[in-house]
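Okay, here's what each chain looks like letter by letter:
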Amino acid sequence: MPTGGDATSSPPLAITPDASRACVAVQNSVVCMPIYKFGSEDQKKRYLKQLATGEMLGAFMLTEPHTGSDAGAIKTRAEKVGNKYVLNGAKQFISTGGYADFVTVLAQTPEGPTFFVVEKGTEGFKQHKGEEKHGIRASNTSPLTFTDVFVPVENMIGDAPGKGLKQANQVFGYTRLMVAAMALGRPGVQFKVIHNQKLLKNWVAVSNPKDRVIHVLGPDLKEGHIAVQHDDGYLQL
């Protein structure tokens, strides 16, 4: 898992510790919580300990190319075939999705949205190249696809299908507060690190005053990174 670098070396490295915090935050919240709250005893034994020790990396999969917060509009489907479910669909913008050892995926069943555990390497399950992002780049964000992916009934999370929306809402009740805290806390901490180390000394800022977003040029006047303007300086993202 990324650990960041020496904050004195260069402006880009000053903020990479936040990427590792983002990975840990995802692991300890939306990945662990569905299994902890609704998983079977076998699922808890198989996954929670290894998630806690860092031996396994997980991912939570709800967002799709056409829908985000509207979980009821997902198109990924799970059809029961004997003692298994077959999954087909696609997910988008999944944190740690490209590297995860397993995922918890929300899919439509005849009874309604339902969570399933799918392990890395399962036939038909593809983890694709990560997105090119402006920030928190060390935290992988990837699209994933399911093409006739068979998973045993035992991989369903919960005692019956169709409970996924209720489960998701309960999980988000715990995790959205964390996301809000990260959004409020990150900029202040990053700015203090950069400001205290004088990492933007001799850098030139070219900005649009209306949106308070600037392009920072390094001492060699080559295009640098994007920064956000504060009253007493600039925060590089």
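Since the model is a prediction, treat every value here as computed from it, not as a measurement. (Residues numbered from 1 in each chain as written. Predicted model: local features only at pLDDT ≥ 70, side-chain atom pairs only at ≥ 80, totals over all residues. Heavy atoms only, no water.)

Observations regarding the overall build of the chain
Scanning the chain for helices and strands turns up 3 helices and 12 strands. Counting all 237 residues of the chain, 40% fall into the buried class. Relative to all contacts within the chain whose residues are 6 or more apart in sequence, the contacts with residues 24 or more apart total 62%. A total accessible area of about 12,800 Å² is found for the chain, and carbon and sulfur atoms account for 54% of it. (Helix = DSSP H or I, 4+ residues; strand = E, 2+ residues; numbered from the N terminus. Buried < 20%, exposed > 50% of the residue type's maximum accessible area, 1.4 Å probe, protein only. Contact = heavy atoms within 4.5 Å. Areas by Shrake-Rupley, 256 points an atom, 1.4 Å probe, with all protein chains shown as cover.)

With respect to the pairing of strand E2 (residues 77–81)
The pairing of E2 with strand E3 (residues 84–95) spans 5 bridges and is classified as antiparallel. Along E3, the bridge assignment pairs Ala-78 with Leu-87. Connecting E2 to the next strand, E3, in antiparallel fashion are 2 residues, including Gly-82 with a positive phi near 65°. (Pairing = 2+ DSSP bridges.)

Quick word on the environment of Glu-79
Tracing the chain through its elements places Glu-79 in strand E2. When its relative accessible area of 48% is taken as the criterion, Glu-79 is described as partly exposed. The spatial distance from the C-alpha of Glu-79 to the C-alpha of Gln-108 is 8.3 Å, given a sequence separation of 29 residues.

Overview of helix H2 (residues 41–53)
For an α-helix, the turn length of 3.6 residues means that residues three or four places apart are oriented alike. An ideal rise of 1.5 Å per residue puts 18 Å on 13 residues; H2 measures up with 18 Å between its terminal C-alpha atoms. The axis of H2 is deflected most strongly, by about 30°, at Tyr-47. Considered for burial, the residues of H2 that qualify are Gln-43, Tyr-47, Leu-48 and Leu-51. Among the residues trailing H2, Gly-54 stands out with phi positive, at a value near 85°. (Expected span 1.5 Å × (residues − 1). Bend = angle between axes of the 7 residues up to and from the residue.)

Details of the side chain of Thr-67
Examined against the element boundaries, Thr-67 turns out to sit in the loop between strand E1 (58–61) and E2. Taking relative accessible area as the criterion, Thr-67 reaches 9% and is therefore assigned buried. At a separation of 3.0 Å, a polar atom in the side chain of Thr-67 contacts the main-chain carbonyl oxygen of Asp-70. (Polar contact = N/O pair within 3.5 Å; in protein donor to acceptor, adjacent residues only side chain to side chain.)

Observations concerning the packing of aromatic side chains
How two aromatic rings sit relative to each other is set out by the distance from centre to centre and by the angle between their planes. Within this structure, the stated rule accounts for 5 aromatic pairs. A centroid spacing of 4.4 Å and a plane angle of 35° characterise the contact between Tyr-47 and Phe-102, whose relative ring orientation is tilted. A residue pair is termed long-range when its members are at least 10 positions apart, and Tyr-47 in helix H2 and Phe-102 in strand E4 (residues 102–109) qualify at 55 residues. Note on accessibility: Tyr-47 and Phe-102 belong to one class, buried. Judged by centre distance (5.9 Å) and plane angle (75°), the ring pair of Phe-60 and Phe-172 falls under edge-to-face. With Phe-60 in strand E1 and Phe-172 in helix H3 (residues 164–196), the pair connects residues that are 112 residues apart, well separated along the chain. Side by side, Phe-60 and Phe-172 carry an identical accessibility label, which is buried. Three or more aromatic residues joined by ring pairs form one cluster here, namely Phe-60, Phe-115 and Phe-172. (Phe/Tyr/Trp six-rings, centres within 6.5 Å; stacked < 30°, edge-to-face > 60°.)

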